[in-house]
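Each chain is listed here by its residues.
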Amino acid sequence: MPGLRGPSNYSQEPSRHQSLKINAKVPFNAEPPRSALISSYVTPVDLFYKRNHGPIPVVDDIERYRVSISGLVEKPKELSIADIRKLPKYNVTATLQCAGNRRTAMSKTKTVKGVGWDVAAIGNAVWGGAKLSDVLELVGIPKLTTTTPLGGKHVEFVSVDMCKEENGGPYKASIPLNQATNSEADVLLAYEMNGETLNRDHGYPLRVVVPGVIGARSVKWLDSISIIAEECQGFFMQRDYKMFPPTVNWENINWSTRRPQMDFPVQCVICSLEDVDVVKHGKITISGYAVSGGGRGIERVDVSIDGGKTWEEADKYQKTGIPYIADDTSSDKWAWVLFTATADIPKSTEIVAKAVDMAANVQPENVEVIWNLRGILNTSWHRVHVQVGHSNL
Ligand SMILES: Nc1nc2c(c(=O)[nH]1)N[C@H]1C(S)=C(S)[C@@H](COP(=O)(O)O)O[C@H]1N2
Ligand SMILES: [Mo]
């Protein structure tokens with residue numbers, strides 16, 4: 001597509017915030033310090049994790065940029081940014097989480113393949129854009145369509161970045177047509193993040209945001225949309241981002257036996273403490289984020305200061321002054337909640353947090369039972385160690 005292109009090298013990367021921890025330089029993969037996640041409900045753009053599979057695309061001429069919509073539709077179309085902006089604008093607060101979040105911790109059980117991430121491959125943003133369901137109406141697909149008359153059942157998003165995994169081809173992914181045409185699923189073609197024009201790292205000029213689903217399906221630098229009969233056959237749908245049982249290894253793996261991962265499971269992480277911290281006698285604050293996929297709100301966050309023997313419930317909030325209630329109209333259903341608890345730490349101990357979502361799904365106690373060779377979806381109880389040091393009194 002004219003206007004937008006994927007460079008073949010890394011000479012045109014944007015500049016980035018100094019405090020990001022770089023997990024891989026090329027392609028650029030970085031996360032903020034965990035403490036940055038709890039300083040605000042909405043994560044600042046420059047501190048938001050960045051997950052890439054190739055060089056960041058370049059917009060040469062925004063006037064010439066078009067996103068094409070074709071495939072199994074009767075009225076294919078090309079839309080400019082102005083056409084997208086003419087549609088009703090929605091601001092959706094949604095948490096984006098990489099399936100590889102907490103991979104480093106999973107690899108401590110047994111080696112996994114993939115970029116190492118601590119606990120901050122996640123962020124919460126206000127995404128501004130058009131609903132995909134409205135865009136698809138422009139090519140003649142009504143709301144709540146499962147199959148088009150031509151047999152289309154999936155919506156494929158194709159970018160322009162050159163990815164090694166695709167042998168230099170672009171990143172792509174798909175979602176089911178009935179999700180794409182459901183306005184309540186809030187799937188966006190976003191041109192804004194936190195009220196500002198989307199920046200290059202996060203998908204300028206246009207990206208998909210699929211709330212409640214692993215980040216891998218929220219395709220950045222959107223070039224084309226294709227209505228297809230079968231789900232996208234790209235690498236990141238078929239040979240990556242699938243959940244395997246702990247018994248599967250690189251010798252016996254059969255990718256076709258598993259579905260591409262979509263919703264993410266219930267997750268929570270303590271961000272006010274590092275893996276190992278020295279604290280003074282007295283009260284400490286235990287705070288972090290909790291989130292679940294599929295729009296399931298957080299019912300409860302439990303915190304333990306004795307390695308999981310006894311628990312206390314933490315306070316949860318999204319917006320100051322409004323108590324968080326899962327499923328309430330005042331709550332952001334696609335967004336994380338921040339939690340906080342205080343505790344007296346009499347001696348060195350293990351502090352644990354676990355969340356429960358609206359469907360009463362809980363996190364697994366240990367990482368071993370969910371270990372998988374690609375190291376995705378580590379949602380095991382989050383554990384940190386505190387050592388009580390001597391105060392300077
Ligand atoms: N075109 C394109 N889209 C992409 C990716 C990519 O490499 N290329 N990475 C995906 C993955 S795995 C994640 S987790 C999110 C990360 O989005 P962010 O960098 O805006 O945080 O983008 C997704 N969309
Ligand atoms: Mo990801």
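Residues numbered from 1 in each chain as written. Chains lettered and ligands numbered in written order. Predicted model: local features only at pLDDT ≥ 70, side-chain atom pairs only at ≥ 80, totals over all residues.

- Under an unreviewed UniProt entry, the name given to the chain is Sulfite oxidase, and the source organism is Tetracentron sinense.
- Annotation of the chain in UniProt includes, under Cofactor (unreviewed entry), the sentence "Mo-molybdopterin". (UniProt positions renumbered as here; feature names shortened; annotations may be inferred.)

1. Quick notes on the overall build of the chain
Then, in step 1: When helices and strands are counted, the chain shows six helices and 24 strands.
Then, in step 2: For 393 residues, the compact-globule estimate of 2.2 N^0.38 gives 21 Å, and the C-alpha radius of gyration of the chain, at 21 Å, lies within 12% of that figure.
Then, in step 3: Along the first, second and third principal axes, the C-alpha set of the chain runs to 70 × 50 × 40 Å.
Then, in step 4: Of the contacts formed within the chain by residues at least 6 apart in sequence, a portion of 72% connects residues at least 24 apart. (Helix = DSSP H or I, 4+ residues; strand = E, 2+ residues; numbered from the N terminus. Rg over C-alpha atoms; globule rule 2.2 N^0.38 Å. Contact = placed C-beta atoms within 7 Å.)

2. What to know about the sheet that holds strand β22 (residues 337-344)
Sheet strands line up and pair through hydrogen bonds in the backbone, either parallel or antiparallel.
Then, in step 1: Spatial strand order, β16-β18-β22-β21: four strands in an open sheet with antiparallel pairing. Single-partner strands in this sheet number two, and they are β16 (267-270) and β21 (315-317). The mean inter-strand angle of the sheet, taken between neighbouring strand axes irrespective of direction, is 25 degrees.
Then, in step 2: In terms of strand pairing, strand β18 (residues 283-291) meets β22 through eight bridges, oriented antiparallel. Paired with G288 across the two strands is F339, which belongs to β22. (Pairing = 2+ DSSP bridges. Axes fitted to C-alpha atoms, helices over the stretch in contact; angles between N-to-C directions.)

3. Thoughts on the environment of T379
Then, in step 1: Relative to the elements of secondary structure, T379 occurs in the loop between β23 (349-357) and β24 (382-388).
Then, in step 2: Note on T379: 24 C-beta atoms within 10 Å, which makes it buried.
Then, in step 3: For the pair T379 and T247, spaced 132 residues apart in the sequence, the C-alpha separation amounts to 18 Å.
Then, in step 4: Once residues lying within four places of it in the same chain are set aside, the contact partners of T379 are P265, V266, Q267, Q363 and P364. (Buried ≥ 20, exposed ≤ 12 C-beta atoms within 10 Å, placed from the backbone.)

4. Brief notes about the UniProt feature "domain: Oxidoreductase molybdopterin-binding" (unreviewed entry) in the chain
Then, in step 1: Residues annotated in UniProt with the feature "domain: Oxidoreductase molybdopterin-binding" (unreviewed entry) correspond here to residues 53-235.
Then, in step 2: Along residues 53-235 the backbone is 13% helical and 30% strand, and the end-to-end C-alpha distance reaches 12 Å.

5. Things to note about the site of ligand 1
Then, in step 1: Ligand 1 sits among 18 residues. The nearest are H53, C98, S159, Y171 and G215.
Then, in step 2: In terms of residue class, the shell around ligand 1 is built from eight nonpolar, six polar and four charged. (Near = placed C-beta within 6 Å. Nonpolar A, V, L, I, M, F, W, Y, C, P; charged D, E, K, R; others polar.)

6. A closer look at the sheet that holds strand β11 (residues 172-176)
Then, in step 1: The sheet built from five strands is open, its strands ordered β7-β6-β15-β10-β11 with mixed pairing. With partners counted over all chains shown, the strands left at the sheet margins are β7 (77-79) and β11, one partner each. Direction aside, neighbouring strands of the sheet carry axes that sit 20 degrees apart on average.
Then, in step 2: In this sheet, β11 lies alongside strand β10 (residues 154-158) in antiparallel orientation, the contact comprising five bridges. Within β11, the position partnered with V155 by the bridge is I175.

7. So, the nonpolar core
Then, in step 1: Core analysis: the largest hydrophobic core is formed by 100 residues, its most contacted members being L188, L189, Y289, A290 and V301.
Then, in step 2: When residues of this core are assigned to domains, at least three fall in each of domain 1 (4-257) and domain 2 (267-388).
Then, in step 3: Contacts of V301, omitting those with residues within four sequence positions, involve C268, A290, E313, A314, K316, F339, A353 and A355. (Core = buried A, V, L, I, M, F, W, Y, C linked by C-beta atoms within 7 Å. Domains from an automatic or database assignment.)

8. As for the UniProt feature "domain: Moybdenum cofactor oxidoreductase dimerisation" (unreviewed entry) in the chain
Then, in step 1: The UniProt feature table records "domain: Moybdenum cofactor oxidoreductase dimerisation" (unreviewed entry) at residues 260-388.
Then, in step 2: Taken as a whole, residues 260-388 contains 0% helix and 41% strand, while its terminal C-alpha atoms sit 44 Å from one another.

9. So, the domain arrangement of the chain
Interfaces are often sized by the amount of accessible area the parts lose when they come together.
Then, in step 1: Domains assigned within the chain are domain 1 (4-257) and domain 2 (267-388).
Then, in step 2: Distance from the C-alpha centre of domain 1 to the C-alpha centre of domain 2: 26 Å.
Then, in step 3: The partner domain 2 presents 27 residues to the 38 residues of domain 1 that form the contact.
Then, in step 4: Listed by contribution, the elements that provide at least two residues to the side of domain 1 that touches domain 2 are α1 (34-37), β8 (90-97), α3 (103-107) and β9 (122-131).

10. Brief notes about the environment of W336
Then, in step 1: Within the element layout of this structure, W336 appears in the loop between β21 and β22.
Then, in step 2: With 28 C-beta atoms counted inside 10 Å, the residue W336 sits in the buried group.
Then, in step 3: Separated by 23 residues in the primary sequence, W336 and A359 place their C-alpha atoms 16 Å from one another.
Then, in step 4: Not counting the four nearest positions on each side in its chain, W336 is found in contact with T95, N124, Y289, A290 and V291.

11. Here's the deal with the environment of L189
Then, in step 1: Along the chain, the position of L189 falls in strand β12 (residues 188-193).
Then, in step 2: For L189, a count of 25 C-beta atoms within 10 Å puts it in the buried group.
Then, in step 3: Here the alpha-carbon distance between L189 and V208, two residues 19 residues apart in the chain, equals 4.7 Å.
Then, in step 4: If sequence neighbours within four positions are ignored, L189 has contacts with I84, G129, A130, L132, V135, L206, V208 and L222.

12. A word on the pairing of β10
Then, in step 1: Counting buried positions along β10 gives five out of five residues, so the element sits mostly inside the fold.
Then, in step 2: Neither face of β10 is left uncovered, since the one carrying H154, E156 and V158 and the one carrying V155 and F157 both have all their residues buried.

13. Focus on unusual backbone geometry
Then, in step 1: Cis geometry marks the peptide bond from V26 to P27; its omega dihedral reads -15 degrees.
Then, in step 2: In this structure, P27 sits in the loop between β2 (21-24) and β3 (29-31).
Then, in step 3: With an omega of 15 degrees, the peptide bond between Y204 and P205 qualifies as cis.
Then, in step 4: Here P205 lies in the loop between β13 (196-197) and β14 (207-209).
Then, in step 5: Non-glycine residue L144 carries a positive phi angle of around 55 degrees.
Then, in step 6: In this fold, L144 is placed in the loop between α4 (132-138) and β10.
Then, in step 7: For L377, which is not glycine, the phi torsion reads 55 degrees and is therefore positive.
Then, in step 8: Along the polypeptide, L377 turns up in the loop between β23 and β24.

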